[in-house]
Structures are given as C-alpha cells and as structure tokens.
Amino acid sequence: MYRCKTLIVTEKEIASSEKRLSICLRANGFSFSEVTLGGVLLTFGEAEGMHAGSMTVVMADVKAFFASVGIRPLGYAAMELIVLSDQSVWVPDELYAPSANRQYLKLVGSEATGIMATPCKALGSTAVYAANDAIATAFKVALPGLAVMNQHVKLASLGLERRSGDHPLLLTHWRQGVIDFAAFRDGRYIYGNTVPYASDSEAQFHTVEVLKSFGLENSGTELLMCGDVGRERFALLRPYFPQASLYTGVHTSYLNPAFKTLHTYRNALIL
C-alpha cells in the first residue's frame, strides 16, 4: 500500500485533455506531477511504500492511491512512467531485434533478469534497460495509455539539443551513488550513460572525463545539474564549466504559491 508523503494541489479545474501526468518510479514508492500543455505546474506529490510482490496487488495499490488524492487518470493528453535504471544500452532502430534484448544488456556486463525496451523517436534508437518489468506492467494496466521509458529516453527527449546548437551542454541527473549523463553538442544528443561513483571526488573525475572525452570543452560549455544536488556538490563542479546552473525541468509557471517551497531541480524528470 502507498501512503501520501507530499502533495501540492492547484484548486483550478483543468480538462484532462489539457494536461499530462508524469510518474517517476522509485525503490520505495514514486513521485508524480500534473502539468498543463502550456507549461503550468498543477500538482506535485510523492507516494511512499514498498511495492507489493504481486502485480495484481500493485495494480490495486496504484488505483487506490490516485483515488485517495483525487486524481482520475483518464483522458490525459499524455501519461508517462519513468523507470530509473542503472544499466542500459542504446540500439539503432535498424539493428534492433526484441529477441536480442538480453544479449544487448550482456554486452555491457548486465545479468539483469528484468528487461524492458523503449523506442526513442528523437534518436531513431531503442533503449534497452534493466528494470522490474512486473511493477512497470502493473502501472501500465492500472493506468491505460501510460507510456513507459527509462531516464535516458526522457533526458534525450527534453528538447535540449536545440540549446546545444550554440554551445556544448552536459546535463547530469544525480541519484544515490550514480550519475545519469546526457551530453549534447552541435544541436545533437551525443552521449547518454549511467556512471556509479563512491565519493564526490570520484563523481568530479567522471564528470570532467565526460567533458574531455566527448569534445565538450568550449568557451561557452554549459553544465546543468538536477536530482540529488546540494551546495557543496554544485560548488565542486562549477569551476570546470563556463556556465553552470540547476536544471528545474520544462514547466514555466505555477498558480499555487505553495510551489515556491518545492525544490524543482530535485524532480526535474517529471517537471
């Protein structure tokens, strides 16, 4: 069963067809948001609780939770579930074969038993990644029309390639013990991977290594950081980039002043 940990709601009637629902799956629950197609953040919430072992129970728990917070997940313009995966690989669509998913992941050293795949139109490639497919499937059945993707498909689909037409851009999404990298240069997405780290100094090394290895060094290179980022971590990497800032997602405004207390950069994947 899931319990509501955080909930900020905008008291304004907006048709479901004019907004999207985004959910980010976590080990002990999930976070979610409602954002209008015009970029207004309407709802943000966090559900906590261990995922049930039975797919049927997870389905029931998901339905019960959204009903408890007054959300009817029907008729949305878009619904997405982001699965955070530590092991993934990109496969060009012209080479991709669903039957080879396990082999693709073995090539990067993964022994995962749960495997999912999501095509990315922006790249003409498919992301194959380790994931608890039973939980993801339960969410899909509970919320018909839900699109499932991993964080790399999401990061590659944010439209940041246009921003990199003027200068290289490195987006870093920080989680416990790992960094999700997305690098853009010359208006193109050029690199995406998840890299583990044991300390902030090791994280610093990996970030600078990506900067140098993928030709991102430039007088205007920009670093964007989101997720589990604090002042010290930001200050550690700031000197290596001409520009650096926290990435807060793609929404542009809000109506409820309570959103002023929300650290949007920590939840950028669903905002």
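Note that the structure is predicted; figures quoted are calculated from it, not measured. (Residues numbered from 1 in each chain as written. Predicted model: local features only at pLDDT ≥ 70, side-chain atom pairs only at ≥ 80, totals over all residues. Heavy atoms only, no water.)

Student: Run through the sheet that holds strand S12 (residues 188-196), naming residues and quoting values.
Tutor: Pairing is mixed in the open sheet, where five strands are placed in the order S12-S11-S10-S13-S14. Edge strands, defined here as strands with exactly one partner in the open sheet, are S12 and strand S14 (243-246). Mean inter-strand twist for the sheet, computed between neighbouring axes without regard to direction, equals 15°. The sheet contacts of helix H6 (residues 200-213) involve strand S10 (169-175), strand S11 (178-185) and S12, and relative to S11 the element is tilted by about 20°. (Pairing = 2+ DSSP bridges. Helix = DSSP H or I, 4+ residues; strand = E, 2+ residues; numbered from the N terminus. Axes fitted to C-alpha atoms, helices over the stretch in contact; angles between N-to-C directions. Contact = heavy atoms within 4.5 Å.)

Student: Which residues make up the environment of Cys 24, and what are the values?
Tutor: By the element assignment, Cys 24 lies in strand S2 (residues 19-26). Looking at Cys 24, the relative accessible area reads 1%, which means it is buried. For the pair Cys 24 and Glu 80, spaced 56 residues apart in sequence, the C-alpha to C-alpha distance is 8.4 Å. Here Cys 24 is in contact with Gly 29, Phe 30, Ser 31, Ile 82, Leu 84 and Ile 270, once residues within four sequence places are set aside. (Buried < 20%, exposed > 50% of the residue type's maximum accessible area, 1.4 Å probe, protein only.)

Student: Give me the lowdown on helix H1 (residues 55-68), citing residues and values where you can.
Tutor: Over its 14 residues, H1 runs 20 Å from end to end, which matches the ideal 20 Å to within 8%, given 1.5 Å per residue. All of the buried residues in H1 are Val 58, Met 59, Asp 61, Val 62, Phe 65 and Phe 66. With its buried residues spanning 165° around the axis, H1 presents them on a single face. In H1, those exposed residues whose orientation departs by more than 90 degrees from the buried face are Thr 56, Ala 67 and Ser 68. Those residues of H1 that are buried are in contact with strand S1 (3-9), S2, strand S3 (29-36), strand S4 (40-48) and helix H3 (133-142). (Expected span 1.5 Å × (residues − 1). Arc of directions from axis to C-beta.)

No statement about biological role is implied by the geometric values presented.
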